[in-house]
Structures are given as C-alpha cells and as structure tokens.
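# Structural overview
Single-letter residue listing:
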Amino acid sequence: MSEHESDDELYAGPSKSQRKRDALALQDLGRTLVELPAAQLAKVPMPEELHAAVMECRRITSHGGRARQLQFIGKLMRRIDPAPIQAALAAMAATSAVAKHQQHQLEHWVTEMVAGNEVVLGDFLDRHPHADRQHIRTLIRNAVREAEQNKPPKSRRELFRCLREAAF
C-alpha cells in the first residue's frame, strides 16, 4: 500500500463476517417461510424457484437433507430482494398480534360475564349499543346452567361468537 492510498479507497464492500451474518439471516428467513402455514405462505410474494425450494424443504424429513435444502433456500434468497418477503411476514405478524389481542379480550369478557360480573356486561353493552342485549343475557344464563350441569359449553361458544360479531 502506498502512502497516498487511504483505507476508504481499499474498501471493497462488507467484511466476510458481515456477508456471513447476512447469509445466515437470509437462511433464517427461509426457515421462517418453510415453517409458515400453507395459507400464509401463499400470501408471500416470491419467485417460483424459491417457492418450489420451500415446498421441497417442507417435504423433506431427514435432518441432513433438510439442512442442505435450507442452505439452498438461503442461496436463492441472496439472489433476490428479500424486502417484499420481509414486509409480508411483518404484516402477517402485526395482523396476528391484533387478532390475538382481540381473542384475549373476548375470552376475558365471556369469562367475566359467565361469572356474573354485571359491570363488564354493562360496559360491553354501553360500548356496543347495537348488540342484542336480550340474546346476550339469555346466552349468559344458558352458559351458567351448562357449567353447573357439566354439559358441553355450547352457549358459552355461542356467546363468544355473538360478542365477536358485535365488537369486531
């Protein structure tokens, strides 16, 4: 290196370690694709060759073969722009988090209503005035009766559906 050359002029891109970290991150992204349910995988935009490799990996059961296929998926991922795939997965995760929160909220309401908490019932009916009050109260009574008689929770499930339709 001569005295006039600076470190900036010799820089030829990311270090070998950084390239390896990037490749492993893309391989992990590929593993995420392999583990997705089929319905969600269908919503992820990807080239046909990558889709075929992911589907093949899902079919492979041996550990070594699966590992090699995941490495191949990582290699394919390095040839494409992973941003659309990452964006689709992030959108699914956000939607999933919202749905999970709604599910927990509904479960809480049903549990409290069946336990006889009139405050929760009143709050729900105040927030959702279009809900059928009489039908909800009937479902609560039936759910309590079913629980006391150790019967299947048919009315409790119906109450859950009714609250979900009214709230979301």
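Residues numbered from 1 in each chain as written. Predicted model: local features only at pLDDT ≥ 70, side-chain atom pairs only at ≥ 80, totals over all residues. Heavy atoms only, no water.

### Digging into the overall build of the chain
The condition is simple: For helices the rule is a DSSP run of H or I covering at least 4 residues; for strands it is a run of E covering at least 2, with both sets numbered from the N terminus onward. Note that the radius of gyration is over C-alpha atoms, with the globule rule given as 2.2 Å times the number of residues to the power 0.38. Contacts were defined at the residue level, with two residues in contact if any of their heavy atoms lie within 4.5 Å.
Counting its secondary structure elements, the chain contains 9 helices and 0 strands. When the helices and strands of the chain are placed in sequence order, the string is α-α-α-α-α-α-α-α-α. Radius of gyration (C-alpha) of the chain: 27 Å, far over the 15 Å computed for a compact globule of 168 residues. Overall, the C-alpha framework of the chain stretches about 85 × 45 × 25 Å when taken along its three principal axes. Looking at the chain alone, contacts between residues at least 24 apart form 54% of all its contacts between residues at least 6 apart.

### Description of the packing of helix H6 (residues 83–114) against helix H9 (residues 154–167)
In plain terms, the rule: Axes here refer to lines fitted to C-alpha atoms; in helices the fit is confined to the stretch in contact. Angles between the N-to-C directions go from 0 to 180 degrees. Each angle receives one of four descriptions, namely roughly parallel if under 35 degrees, roughly antiparallel if over 145, roughly perpendicular if within 65 to 115, and oblique otherwise. Handedness of each helix crossing follows the sense of rotation of the near helix against the far helix: counterclockwise by less than a right angle gives left-handed, clockwise gives right-handed.
Interhelical geometry of H6 versus H9 gives an angle of 125 degrees and a closest axis separation of 10 Å. Between H6 and H9, the angle falls in the class oblique. Note on packing geometry: the crossing formed by H6 with H9 is right-handed. From H6, Gln103, Leu106, Glu107, Trp109, Val110, Thr111, Met113 and Val114 reach across to H9, where they touch Arg156, Leu159, Phe160, Leu163, Arg164 and Ala167.

### Quick notes on the side chain of Gln27
The condition that has to hold: Exposure categories follow from relative accessible area, calculated using a 1.4 Å probe and restricted to protein chains: below 20% of the type maximum is buried, above 50% is exposed, and the middle band is partly exposed.
Here Gln27 is to be found in helix H2 (residues 16–35). On the accessibility criterion, Gln27 (16% relative accessible area) is buried. Not counting chain neighbours up to four residues away, the residues in contact with Gln27 comprise Leu70, Gln71 and Gly74.

### A few points about the pattern of salt bridges
Quick note on the threshold: Here, a salt bridge means any Lys or Arg side-chain nitrogen found within 4 Å of an Asp or Glu carboxyl oxygen.
Summed over all chains, the structure comprises 4 salt bridges. Across the pair Arg161 and Glu158 runs a salt bridge, and its minimum N-O distance is 3.3 Å. On the criterion of helical spacing, the pair formed by Arg161 and Glu158 is a turn pair, its members being 3 residues apart in helix H9.

### As for the environment of Gly65
Along the chain, Gly65 falls in helix H5 (residues 63–78). Once the C-alpha coordinates of Gly65 and Glu112 are considered, the two residues, 47 residues apart in sequence, prove to be 50 Å apart.

### Considering the packing of aromatic side chains
Filter applied, for reference: For Phe, Tyr and Trp, where Trp contributes only its six-membered ring, two rings pair if their centres lie within 6.5 Å, and the inter-plane angle classes them as stacked under 30 degrees, edge-to-face over 60, or tilted in between.
Taken as a whole, this structure holds 1 aromatic pair when the rule is applied. Both rings, one in Trp109 and one in Phe124, keep their centres 4.9 Å apart while their planes meet at 65 degrees; by these two values the pair is edge-to-face. Here Trp109, found in helix H6, pairs with Phe124, found in helix H7 (residues 118–127); they are 15 residues apart in sequence, far enough to count as distant. Both residues of the pair, Trp109 and Phe124, belong to the buried class.

### Thoughts on the nonpolar core
Keep this limit in mind: Note on terminology: a nonpolar core comprises buried Ala, Val, Leu, Ile, Met, Phe, Trp, Tyr and Cys residues joined through side-chain atoms within 4.5 Å.
Leu33, Val44, Leu50, Ile73, Met77 and Ile85 are the most contacted members of the largest nonpolar core, which totals 20 residues. Secondary-structure elements contributing two or more residues to this core are H2, helix H4 (48–59), H5 and H6. Every residue in contact with Ile73, bar those within four places of it in the chain, is listed here: Gly30, Val34, Leu50, Ala53, Val54 and Cys57. By size, the runner-up hydrophobic cluster in this structure holds 19 residues, among which are Trp109, Leu121, Leu139 and Phe160.

### Structural notes on the environment of Pro37
Summarising the element assignment, Pro37 is placed in the loop between H2 and helix H3 (38–41). The exposure class assigned to Pro37 is partly exposed, which follows from its relative accessible area of 46%. Separated by 70 residues in the primary sequence, Pro37 and Glu107 place their C-alpha atoms 24 Å from one another.

### Re the side chain of Gln69
Among the secondary structure elements, Gln69 is positioned in helix H5. Aside from chain neighbours lying at most four places away, what touches Gln69 is Ala53, Glu56, Cys57 and Ile60.

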